Amino acid sequence: VATKDGVLFCPPVGHRQEAGDYRESWQPARVPDAALLSARRQARKVVEALGGYGIFGVEFFIRGEQAIFSELSPRPHDTGMVTMITQFPNQFELHVRAVLRMPIPSIELVRTGASAVILADRECDEFRFEGTADALARGRPGAPVDLRIFAKPKTLRNRRMGVALAGGASLEEAVEREGRELGRRAGPALPQGHSVRWCLHLWLCACPTPSPRPLAGATGQTCASSGAYGTSSSATRRDAQSTTTCA
C-alpha cells in the first residue's frame, strides 16, 4: 500500500488460478522468508518508481527462495478479496485511506481465511442465487463465513458473480471449509463435511432453459504469493509458485 508515510505491506496471500483467472485465495500464504523479503524489496522499488497512492498488487512467481516478478495491478485485486474476512483494514479500506491521505497505523491479520469465486456456467439475462442460507449456516464462533454478491446484470460463461469467504482457526481449516479440496470432486449431490464451496455449487446462475447444473470442480494449479495483499497462481511447473506483493 503506497501511503503518504511510505510503503506498507499486508501479510502474504496465496491464490490458485484456473484458465488464467483467480479461483481461490488464502491468507496468510506460506512463503520462505528470503523470497518474501526479495518480493517486498522489488515491489517497493517498482511502486515508488511509478508514484501515486493506494493498493498495488505486485505478482511474483516463487521458486524456492527466489521471487520472480510477474505483473502489477495498480488497484484492489480479486485475489485480495480474502482480506475482507482475514485482515484489518481490508484491501478496499486500505486503498481508500491511502488515496485520501488518511493514517494507517497498522495492518493486522485478524484470522486465517480463504475465499472462493462464484462462477456462472452460461450466458443468461434472468438468473438467481441459491444456497445462500446453507452457505452462511457453515459459520460458527471464531470461524465466520460470509458471501458477497456482485451487482452484475447478466451472466456470462465463467463470469465472476460473487465470492465466498471462510475463516478458520488454522489455514488448513479455512481452506477446507472454503471447499478448495472438496470442490475438486464436484457431483450432483452435496457431500458430507464443512465445505462452503459445496454450498456455492448450489448457487447456480439459473436460467429458465436449460435447467441449471452444478458448477464444475476446480482443477487448476496452486501457487503462493507474498506481499501486501494478494497472490497469484498460474505456474506451469510443479516446483514453481506464484507470489503477489501488494504495496
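Caption draft 1: Layout of the pairing of strand 6 (residues 66-73). Pairing analysis gives seven bridges linking strand 5 (residues 57-63) to strand 6, with the strands arranged antiparallel. Within the sheet, the bridge partner assigned to glycine 57 lies in strand 6 and is serine 73. Between strand 5 and strand 6, which follow one another and run antiparallel, lie two residues, and glycine 64 among them has a positive phi close to 65°.

Caption draft 2: Representation of the packing of aromatic side chains within the structure. For the structure on display, the rule yields two aromatic pairs. When the centroid spacing of 5.8 Å and the interplanar angle of 80° are considered together, the rings of phenylalanine 60 and phenylalanine 69 count as edge-to-face. Arranged with centres 5.8 Å apart and planes meeting at 90°, the rings of phenylalanine 127 and phenylalanine 129 form a pair that is edge-to-face. Judged by relative accessible area, which is 24%, phenylalanine 127 ranks as partly exposed. Given the relative accessible area of 23%, phenylalanine 129 is considered partly exposed.

Caption draft 3: Broad picture of the pattern of salt bridges. Taken as a whole, this structure holds nine salt bridges when the rule is applied. The residue aspartate 5 makes a salt bridge to lysine 4 at a minimum N-O spacing of 3.2 Å. With its nearest N and O atoms 3.8 Å apart, the salt bridge here joins aspartate 125 to lysine 154. You can see aspartate 125 sitting in the loop between strand 9 (112-119) and helix 4 (132-136) and its partner lysine 154 sitting in the loop between strand 10 (145-149) and strand 11 (160-168), a full 29 residues away along the chain. A cluster of three or more residues bridged by salt bridges with shared partners is formed by Arg16, Glu18, Arg23 and Glu24.

Caption draft 4: Representation of the side chain of threonine 155 within the structure. Position of threonine 155 relative to the elements: it lies in the loop between strand 10 and strand 11. Accessibility expressed as a relative area gives 0% for threonine 155, which makes it buried. Only 2.8 Å separates the side chain of threonine 155 from the backbone oxygen of arginine 122, close enough to count as a polar contact.

Caption draft 5: A look at the nonpolar core. Ranked by size, the top nonpolar core spans 17 residues in total, and within it Val31, Val47, Val58, Phe60 and Ile62 carry the most contacts. The set of elements that each furnish at least two residues to this core consists of helix 1 (33-50) and strand 5. In terms of residue count, the dominant contributor to this core is helix 1 (five residues). Counting residues in each nonpolar core, the second largest holds eight residues, with Met81, Met84, Val117 and Val163 among its members.

Caption draft 6: Representation of helix 3 (residues 91-99) in the model. What helix 3 keeps buried is the set Gln91, Leu94 and Ala98. Down the axis of helix 3, the smallest arc covering the buried residues is 60°, so these residues share one side. Looking at the packing, one finds that the buried side of helix 3 touches strand 1 (2-3), helix 2 (83-86) and strand 7 (87-88). Positive phi shows up at arginine 101, right after helix 3, with a value of about 60°.

Caption draft 7: A nonpolar patch on the surface, seen in detail. A contiguous nonpolar patch, built from Tyr53, Val96, Val99, Leu100 and Met102 and spanning about 440 Å² of accessible area, is present on the exposed surface. Note on placement: methionine 102 falls in the loop between helix 3 and strand 8 (108-109).

Caption draft 8: Spatial organisation of the pairing of strand 4 (residues 21-27). With six of its seven residues buried, strand 4 lies for the most part within the structure. Looking at chain direction, strand 3 (residues 14-18) and strand 4 are connected through five bridges and run antiparallel. By the bridge assignment for strand 4, glutamine 17 is matched with tyrosine 22. Both strand 4 and strand 9 contribute to a ladder of four bridges, which runs antiparallel. In the sheet register, glutamine 27 faces strand 9, and the bridge partner there is glycine 113.

Caption draft 9: Geometry of unusual backbone geometry. Of note, the amide linkage connecting glutamine 27 to proline 28 takes the cis form, showing an omega dihedral of 0°. Tracing the sequence through the fold places proline 28 in the loop between strand 4 and helix 1. That bond from phenylalanine 88 to proline 89 is cis: its omega, -10°, falls within 30 degrees of zero. Residue position: proline 89 is located in the loop between strand 7 and helix 3. Look at arginine 101: it is not a glycine, yet its phi comes out positive at around 60°. With respect to the element layout, arginine 101 can be found in the loop between helix 3 and strand 8.

Here is what the cut-offs are and how they apply
- Residue positions are given per chain, counting from 1 as you read along its sequence in written order.
- Per-residue local features of the predicted model are confined to residues with pLDDT of at least 70, and side-chain atom pairs are confined, for both listing and counting, to 80 or more; whole-chain, interface and lining totals are unaffected and use all residues.
- Hydrogens and waters are ignored; side-chain quantities use all the structure's heavy atoms.
- Any two strands between which DSSP finds at least two bridges are classified as paired.
- Numbering of helices and strands runs from the N terminus; a helix is a DSSP stretch of H or I covering at least four residues, while a strand is a stretch of E covering at least two.
- Planes of paired rings set the category: under 30 degrees apart is stacked, over 60 is edge-to-face and the rest tilted, where pairs are Phe, Tyr or Trp rings (Trp by its six-membered ring) whose centres lie within 6.5 Å.
- For each residue, the accessible area found with a 1.4 Å probe, counting protein chains only, is set against the maximum for its type, and the residue is called buried under 20%, exposed over 50%, and partly exposed in between.
- For this document, the term salt bridge refers to a Lys or Arg side-chain nitrogen within 4 Å of an Asp or Glu carboxyl oxygen.
- Two N or O atoms count as a polar contact when they lie within 3.5 Å, although within protein this holds only if one can serve as hydrogen donor and the other as acceptor, and sequence-adjacent residues are included solely when both atoms are side-chain atoms.
- Definition of nonpolar core: a set of buried residues of the types Ala, Val, Leu, Ile, Met, Phe, Trp, Tyr and Cys, connected through side-chain atoms within 4.5 Å.
- Note: the arc covers the axis-to-C-beta directions of the helix.
- The contact criterion used is simple: two residues touch if any of their non-hydrogen atoms lie within 4.5 Å.
- Patches were defined on residues exceeding 30% relative accessible area and lacking a salt bridge, with like-charge contacts within 9 Å and nonpolar side-chain contacts (Val, Leu, Ile, Met, Phe, Trp, Tyr) within 5 Å.
- To be clear on the numbers: accessible area is Shrake-Rupley with a 1.4 Å probe, and residue cover counts the displayed protein chains and nothing else.

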